[in-house]
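# A look at the structure
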Amino acid sequence: MPEYYYEDFVPGSVAEFHDDHAITKEEIIRFAAAYDPQPFHLDEEAARHSMLGGLCASGWHTCCLMMRLNFDTWLSRTASLGAPGIDELRWEKPLRPGDRLTLRRTILHKRVSRNRPEMGLVSMEIDVLNQKGDVIARQKHTQLIEPRDPQRALAEAAAAPPAPKVPHPTHALPRVAAEARARPFAGWLEDLQVGAYIELGKETFTKENIIDFASQFDPQRFHLDEEEAARTHFGRLAASGWQTACLWMKNVVATRDRVQAELRAQGIETPQGGPSPGFMHLRWAKPVLVGDTVTYATQIIDKRATSKPGWGLVFNHNTGVNQNGELVFEFRGSGFIRTRAG
């Protein structure tokens, strides 16, 4: 039986959770090779000459390690029903080999769903700190947690004022002409065209790869065990949302490398990109189940110069759609990119 229910999460309360394991260079490289094979995550020499100044973990790796530490320290003992998404995540500092993680969880507010009073919504901020006390990542999200007393939760839901409706960005953004479809990876900030769209690739989710990923980073029962999953609101074995996100990143890098190789073959210079400072409005709109094939895409929604000489920022809207045409995943991301000027 779970130890913690919705009622046990008190707004304003702060808790810390520690991991004595020091992340290794080998772990960083292994994850990056699978999901984010950029030079500053794979090669020490290349990383020294990058914006990050040395080998560091993929930001998505940091997210997965945070998920695992959450599970090991409190989530596994909680009547959790999963999470619909991430409101905001910022990668503040690189995660380096030898770092040990601490999570600081602050409960922001909570409410019971008016439509589903058996489901509590607990909003929290989680800071990821290294052994020096530096914040390396900061995440805000809402965790779905079952109430201990459903009848009381039902009364609370009936008495509570309606929750404000938060608009979610739509994935039906305008597309541009076919000749501009590869522009998201054209190279320099000045070359990028706002509105440019490209499909990145497809991934099929199998029982084996769902369980393998979950075993490493997100071992909640609905990601690991078919019988347990059937008894939850998912109804069937479902992929971790972080697996869905990491496979988006894998397809971004593969598509970018392919497009840039084609440009270089034409004699067009393509500078190495930089890291991402974070993302917002990440939504797992629909569970990804065994047998689903997700098609990933990205579209540029804005770009701007920064105060950092030689670097700009590009902002994109990213999606995953299943074989039935249903949106399963979306978020607004950003990334540093070189400018010709400076």
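Analysis parameters
- Residues numbered from 1 in each chain as written.
- Predicted model: local features only at pLDDT ≥ 70, side-chain atom pairs only at ≥ 80, totals over all residues.
- Heavy atoms only, no water.
- Helix = DSSP H or I, 4+ residues; strand = E, 2+ residues; numbered from the N terminus.
- Rg over C-alpha atoms; globule rule 2.2 N^0.38 Å.
- Buried < 20%, exposed > 50% of the residue type's maximum accessible area, 1.4 Å probe, protein only.
- Contact = heavy atoms within 4.5 Å.
- Areas by Shrake-Rupley, 256 points an atom, 1.4 Å probe, with all protein chains shown as cover.
- Lys, Arg positive; Asp, Glu negative; His and termini not counted.
- Charge placed at Lys NZ, Arg CZ, Asp CG, Glu CD.
- Polar contact = N/O pair within 3.5 Å; in protein donor to acceptor, adjacent residues only side chain to side chain.
- Salt bridge = Lys/Arg side-chain N within 4 Å of Asp/Glu carboxyl O.
- Phe/Tyr/Trp six-rings, centres within 6.5 Å; stacked < 30°, edge-to-face > 60°.
- Lys NZ or Arg CZ within 6 Å of the ring centre and 35° of its normal.
- 1 Å grid on protein atoms, 1.4 Å probe; cavity = no way out; pocket = protein on both sides within 12 Å on 5 of 7 lines; lining within 4 Å.
- Points joined across faces, edges and corners; volume = space filled by probe spheres on them.
- Nonpolar A, V, L, I, M, F, W, Y, C, P; charged D, E, K, R; others polar.
- Axes fitted to C-alpha atoms, helices over the stretch in contact; angles between N-to-C directions.
- Parallel < 35°, antiparallel > 145°, perpendicular 65-115°, else oblique.

## A few points about the overall build of the protein
In terms of helices and strands, the protein carries 9 helices and 11 strands. Compactness check: the protein gives a C-alpha radius of gyration of 21 Å against a globular reference of 20 Å for 342 residues, within 12% of the reference. When its C-alpha atoms are laid out on the principal axes, the protein stretches across 70 × 45 × 40 Å. In the protein, which comprises 342 residues, the proportion classed as buried is 49%. Within the protein, contacts between residues separated by at least 24 positions form 72% of all contacts whose residues are at least 6 apart in sequence. Summed over its atoms, the accessible surface of the protein is roughly 16100 Å², and 51% of this surface lies on carbon and sulfur atoms. Where the 41 positive side-chain charges of the protein centre and where its 43 negative ones centre are 4 Å apart.

## A closer look at the environment of Ser334
The topology assignment puts Ser334 in strand β11 (residues 327–338). Along the primary structure Ser334 and Lys303 are separated by 31 residues, whereas in three dimensions their C-alpha atoms are 9.0 Å apart. Not counting the four nearest positions on each side in its chain, Ser334 is found in contact with Ser276, Pro277, Gly278, Val314, Phe315 and Asn316. Of note is the side chain of Ser334, whose polar atom sits 3.4 Å from the backbone oxygen of Gly278.

## Overview of unusual backbone geometry
Residue His281 is not a glycine yet carries a positive backbone phi of 55°. Since its relative accessible area comes to 32%, His281 is described here as partly exposed.

## Brief notes about the pattern of salt bridges
Here the structure, examined in full by the defined rule, presents 20 salt bridges. Notably, a salt bridge pairs Glu203 with Lys250, separated by 3.3 Å at the nearest N-O pair. Placement of the pair is Glu203 in strand β7 (residues 197–204) and Lys250 in helix α9 (residues 241–265), with a sequence separation of 47 residues. Glu203 gets classed as buried once you look at its relative accessible area, which sits at 13%. A salt bridge links Lys207 to Glu226, with the nearest nitrogen and oxygen atoms 3.2 Å apart. Of the two residues, Lys207 sits in helix α6 (residues 207–217) while Glu226 sits in helix α8 (residues 226–230), which places them 19 residues apart along the sequence. With relative accessibility at 34%, the residue Lys207 sits in the partly exposed group.

## What about the packing of aromatic side chains?
Summed over the entire model, instances satisfying the criterion amount to 19 aromatic pairs. Judged by centre distance (5.5 Å) and plane angle (55°), the ring pair of Phe329 and Phe331 falls under tilted. Since its relative accessible area comes to 0%, Phe329 is described here as buried. The class for Phe331 is buried, based on a relative accessible area of 2%. Members of the aromatic cluster, each reached through a chain of ring pairs, are Trp60, Trp91, Trp242, Trp248, Phe279, Trp284, Tyr296, Phe329 and Phe331. Looking at Arg105, its charged tip hangs above the ring of Trp74, at a distance of 4.7 Å from the centre. Positioned over the ring face of Tyr6 is Lys110, at 4.4 Å from the centre of the ring.

## Considerations on the layout of surface pockets
Estimated volume of the second largest pocket: approximately 890 Å³. Around the second largest pocket sit 49 residues that line it, and Gly274, Pro275, Ser276, Ser334 and Gly335 are the ones nearest its centre. Sorting the residues of the lining of the second largest pocket by element identifies α2 (39–42), α4 (59–73), β6 (135–145), α9, β8 (278–283), β9 (293–305), β10 (311–321) and β11 as the ones contributing at least two each. The residue inventory of the lining of the second largest pocket, partitioned by class, reads 27 nonpolar, 17 polar and 5 charged.

## Describing the packing of α4 against α6
Geometry of a packed helix pair, given as the angle between the helix axes and the separation of the axes. Where α4 contacts α6, the axes come no closer than 8 Å and their chain directions differ by 70°. Between α4 and α6, the interaxial angle falls into the category roughly perpendicular. Contact residues: His61, Cys64, Met67 and Arg68 in α4; Phe213, Ser215, Gln216 and Phe217 in α6. Split into classes, the residues belonging to the contact of α4 with α6 amount to 4 nonpolar, 3 polar and 1 charged.

## Re the environment of Glu27
Along the chain, Glu27 falls in helix α1 (residues 25–35). Measuring from C-alpha to C-alpha, the distance between Glu27 and Asn209 comes to 18 Å, with 182 residues separating the pair along the chain. Each residue touching Glu27, except ones within four places of it in the same chain, is listed here: His21, Ala22 and His61. For Glu27, the side chain forms a polar contact with the main-chain nitrogen of Thr24, separated by 3.0 Å.

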